[in-house]
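Here is what each chain is made of, one letter per residue.
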Amino acid sequence: MAEIKRVGVLGCGLMGSGIAQVCAAAGYETIVREVSDEVVQKGIGGIGRQLGKQVEKGKLAAEDRDALLGRLRGTSNLEDLKDCDIVIEAIVENLDLKNEIWRTLDGLCPAHTIFASNTSSLTIADMAAATKRPERMVGLHFFNPVPVMKLVEVVKTIATDAAVFQTAFDFAKSLGKEPIVCKDNSGFVVNLLLVPYMMDAIRALSEGVASIEDIDKGMRLGTGYPMGPFVLSDFVGLDTLDKIGDIMFNEYKEKRYASPPLLKRMVSLGYYGRKSGKGFYDYSGDEPKPMPLV
Ligand code: 3HC
C-alpha cells in the first residue's frame, strides 16, 4: 500500500473521536480538527476517559494508552492537516459544509493526499466533484461505537482510482477492521437496509402496533439484534437519523426512507436520543424509561 503515516480526522464528535482513537491505536500520527479548541479538547478528553476505563479493566496497559494519546493531537486550524497522507471527514451530514472544507483542503494538501468521507447517506461523488482530485476520493464508513464495531464500508465512485481504492481498503484493514467493498449509492450497504428498518419501527409505534419496549424486545429476542430499533435510534442520535432520512428520501424518492412525522416532532423538541438525555427513552434516571410519545 502507498505509505500512510499521518492521518487527519475532521470532526471529534461521536464518530470522529472514535475514528481518531482507532487510527492512533494502530500507530498512525493522528491530528483531529474541530471548530474550536474547546470542542476538540472535549472530544480528546472523552477518548482519554474511554481508554482509562480499558486500563482500569486491565484490557490496555497504561503505557500503551499514553503512547496512543501521544500520537493524537487536536487542532482548530485546518492548515494543520496539510501534511496528512489521508484525511477522514466525520462532520455533520451537510454537503455544503463538507464541500467547503474539502475545497479548502484541496488547496492545502499535497497531490498524493487521499480524501475519505465517513458520510452515512451522502454520495462520495457529490464531494469529489467539489475538488480537483475526484480520483483520490473514497468513502470510509465506520460504525458506532467505532472502537468496537468491526465493519468499515470502503466506497469507490465511478471516478476513484483503483490504486487509491486499494490503499484505502488496506488502510481500513491496518486499523484492525473488516472492510467491505461498496458502490457509491446513498446509504452504501448497511444504511440502505438499516434506515428503512428504523423508520418502519417508528411508523409501527405511531400506528399502535406495539409499545416502544415491546418492539425493542421483539427485535432483540426474535432476531438476535444486540439492540432493538428504538435503543439503536437513540444511540445513533435522532437528529442524525432524521437528516439521513431526508437525504436518502431525496435520493431515492422512496417513502420508506422518509422521516416519519413523530421523528420530526421529536427532533423539533430537542429529543435527540442519548446525547440529549431524551429520545424514545428518558435517560435521566438510573434505568432508561420509555417516553410517553403515543
Ligand atoms: N466506545 C468504546 N467502547 C465501547 C463503547 C463505546 N461507546 N460502548 C461499549 N464499548 C465496549 C465496552 O467497553 C466493552 O468492552 P470490553 O468487552 O473490552 O469490556 C464492549 O464494548 C461491550 O460493551 P458492553 O458490555 O457495555 O455492552 P454490550 O455487550 O451490550 O455491547 C454494543 C455494546 C457494542 C454497543 C452493542 O450493544 C452493539 O453492538 N449494539 C449495536 C450497535 C450498532 O448497531 N451500531 C451501528 C449503528 S449504525 C451506524 O453507526 C451507522 C451510521 O451511519 C448511522
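Being a predicted model, the structure only gives us computed values, none of them experimental. (Residues numbered from 1 in each chain as written. Predicted model: local features only at pLDDT ≥ 70, side-chain atom pairs only at ≥ 80, totals over all residues. Heavy atoms only, no water.)

**Q** I'm lost on helix α7 (residues 190-206) in this one. Help?
**A** Because each turn of an α-helix spans 3.6 residues, side chains separated by three or four positions in sequence point in the same direction. The terminal C-alpha atoms of α7 lie 25 Å apart, and with 17 residues this matches the ideal 24 Å at 1.5 Å per residue to within 8%. The set of residues buried in α7 consists of Asn-191, Val-195, Pro-196, Tyr-197, Met-198, Met-199, Ala-201, Ile-202, Ala-204 and Leu-205. Of the surrounding elements, those touching the buried residues of α7 are β6 (137-141), α8 (212-223), α9 (229-236), α10 (238-252) and α11 (261-268). Just downstream of α7, Gly-208 is the residue with a positive phi angle, here 75°. (Helix = DSSP H or I, 4+ residues; strand = E, 2+ residues; numbered from the N terminus. Expected span 1.5 Å × (residues − 1). Buried < 20%, exposed > 50% of the residue type's maximum accessible area, 1.4 Å probe, protein only. Contact = heavy atoms within 4.5 Å.)

**Q** What am I meant to see in the sheet that holds strand β1 (residues 6-10) here?
**A** Backbone-to-backbone hydrogen bonds pair the strands of a sheet. The strands run either parallel or antiparallel. Across the sheet, which stays open at both edges, the eight strands sit in the order β3-β2-β1-β4-β5-β6-β7-β8 with mixed pairing between neighbours. Two strands lie at the open edges of the sheet, namely β3 (72-75) and β8 (178-183), each paired on one side alone. Ignoring strand direction, the axes of neighbouring strands in this sheet form an average angle of 25°. Across five bridges, β1 lies against strand β2 (residues 29-33) in parallel orientation. In the sheet register, Arg-6 faces β2, and the bridge partner there is Glu-29. (Pairing = 2+ DSSP bridges. Axes fitted to C-alpha atoms, helices over the stretch in contact; angles between N-to-C directions.)

**Q** Explain the site of the ligand here, please?
**A** Close to the ligand lie 18 residues; Gln-50, Lys-57, Ser-120, His-141 and Asn-144 are nearest. For the ligand, an oxygen atom lies 3.0 Å from a polar atom in the side chain of Asn-191. When the free accessible area of the ligand is taken as 1,100 Å², the share hidden by the protein chains comes to 62%. The residue makeup of the shell around the ligand, split by class, is 10 nonpolar, six polar and two charged. Each of domain 1 (6-183) and domain 2 (191-290) gives at least three residues to the shell around the ligand. (Near = heavy atom within 4 Å. Polar contact = N/O pair within 3.5 Å; in protein donor to acceptor, adjacent residues only side chain to side chain. Areas by Shrake-Rupley, 256 points an atom, 1.4 Å probe, with all protein chains shown as cover. Nonpolar A, V, L, I, M, F, W, Y, C, P; charged D, E, K, R; others polar. Domains from an automatic or database assignment.)

**Q** Would you take a moment to explain the domain arrangement of the protein chain for this structure?
**A** A common way to express how large an interface is: the accessible area buried when the components associate. Under the domain assignment, the protein chain is made up of domain 1 (6-183) and domain 2 (191-290). Domain 1 and domain 2 are separated by 26 Å when their C-alpha centres are compared. Across the boundary between the two partners, domain 1 contributes 10 residues, which contact eight residues of domain 2. When domain 1 packs against domain 2, close to 740 Å² is buried across both sides, 63% of that on carbon and sulfur atoms. (Buried area = accessible area lost by both parts, 1.4 Å probe.)

**Q** Explain helix α2 (residues 37-56) to me, please; I cannot follow it from the model alone.
**A** Between the first and last C-alpha of α2 there are 28 Å, a value that for 20 residues agrees with the 28 Å anticipated at 1.5 Å per step. Along α2, the residues classified as buried are Val-40, Gly-43, Ile-44, Ile-47, Leu-51 and Gly-52. If you follow the buried residues of α2, they end up packed against α1 (14-25), β2, α3 (62-70) and β3. Just beyond α2, the residue with positive phi is Gly-58, at close to 80°.

**Q** Which parts of the structure should I look at to understand the environment of Phe-165?
**A** When you line up the elements, Phe-165 lands in helix α6 (residues 162-174). By relative accessible area, which is 7% here, Phe-165 ends up buried. Taking the C-alpha atoms as reference, Phe-165 lies 35 Å from Glu-38; in sequence the two are 127 residues apart. In contact with Phe-165, not counting residues within four places along its chain, are Val-138, Val-154, Val-155, Lys-156, Thr-160 and Val-181.

**Q** Is there a simple way to think about the pattern of salt bridges in this case?
**A** Side chains that differ in charge, positive against negative, can pair when their charged atoms come close. For the coordinates displayed, the defined rule picks out nine salt bridges. Note that Asp-200 and Arg-203 form a salt bridge whose closest N and O atoms lie 3.2 Å from each other. Highlighted residues: Asp-200 and Arg-203, both in helix α7, separated by three residues, approximately one helical turn. Taking relative accessible area as the criterion, Asp-200 reaches 28% and is therefore assigned partly exposed. A salt bridge links Arg-256 to Asp-200, with the shortest nitrogen-to-oxygen separation between them at 2.5 Å. One end of the pair, Arg-256, is in the loop between α10 and α11; the other, Asp-200, is in helix α7, and 56 residues separate them in sequence. Taking the relative accessible area as the measure of exposure, Arg-256 reaches 40% and is therefore partly exposed. (Salt bridge = Lys/Arg side-chain N within 4 Å of Asp/Glu carboxyl O.)

**Q** Got a minute to help me understand the side chain of Glu-153 in this structure?
**A** Mapped onto the elements, Glu-153 comes out in strand β7 (residues 151-156). With no salt bridge to any partner, buried Glu-153 finds its closest opposite charge in Lys-98, at an N-O distance of 13 Å. Among the polar contacts made by the side chain of Glu-153, one reaches the side chain of His-141 at a distance of 2.8 Å. Side-chain polar atoms of Glu-153 contact the backbone nitrogen of Val-190, separated by 2.8 Å. (Lys, Arg positive; Asp, Glu negative; His and termini not counted.)

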